[in-house]
Amino acid sequence: MFGKMMEMKQKMEEMKQRLDHISVVGNSPGNEIEVRMNGNKKLVGITVSSALAARGDADEIAELMQIAFERAMEQAEQINESEMRAAAGNLLPGLGGMF
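Residues numbered from 1 in each chain as written. Predicted model: local features only at pLDDT ≥ 70, side-chain atom pairs only at ≥ 80, totals over all residues. Heavy atoms only, no water.

**Student:** Whenever I open this one, the overall build of the protein confuses me. Can you help?
**Tutor:** Of regular secondary structure, the protein possesses three helices and three strands. Listed N to C, the secondary structure of the protein is α-β-β-β-α-α in terms of helices and strands. Counting every position in the protein, which comprises 99 residues, the buried fraction comes to 24%. By sequence separation, contacts in the protein at least 24 residues apart represent 50% of the contacts at least 6 residues apart. For the protein, the exposed area adds up to about 6600 Å²; of that, 55% sits on carbon and sulfur atoms. (Helix = DSSP H or I, 4+ residues; strand = E, 2+ residues; numbered from the N terminus. Buried < 20%, exposed > 50% of the residue type's maximum accessible area, 1.4 Å probe, protein only. Contact = heavy atoms within 4.5 Å. Areas by Shrake-Rupley, 256 points an atom, 1.4 Å probe, with all protein chains shown as cover.)

**Student:** How should I be thinking about the pattern of salt bridges in this particular structure?
**Tutor:** Close approach of charged atoms allows side chains with opposite charge to pair. Evaluated as defined, the whole model comprises four salt bridges. As a salt-bridge pair, Glu 34 and Arg 36 come within 2.9 Å of each other at their nearest N and O atoms. Within this structure, Glu 32, Arg 55 and Glu 60 form a network of salt bridges that share partners. (Salt bridge = Lys/Arg side-chain N within 4 Å of Asp/Glu carboxyl O.)

**Student:** Please explain a negative patch on the surface as it appears in this structure.
**Tutor:** Where like charges cluster on the molecular surface, the negative patch consists of Glu 70, Glu 74, Glu 77 and Glu 81. Look at Glu 77 and you get partly exposed, because its relative accessible area is 32%. (Patch = residues over 30% accessible without salt bridge, like charges linked within 9 Å, V, L, I, M, F, W, Y side chains within 5 Å. Lys, Arg positive; Asp, Glu negative; His and termini not counted. Charge placed at Lys NZ, Arg CZ, Asp CG, Glu CD.)

Shown next as structure tokens:
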């Protein structure tokens, strides 16, 4: 049992490292803001178009940033959940459907 637990811990760490190298992007309508995250849902970067920045409308920028962030987060969550299901299915074949 202890060996299985150690194997699970190692597989989870490997999965986390893989997710660190997976990149997802969320764009606002019009692609004026781009939010980049990794598969572990960590914010990696934000790009704002020069046209949007030049307009200087803080409310518009905030609204578009929120949309782009939410889109990136959705993608990161999907990838994260998929990796978790795969890891659970490989380590605990009877429990894979629980995740």
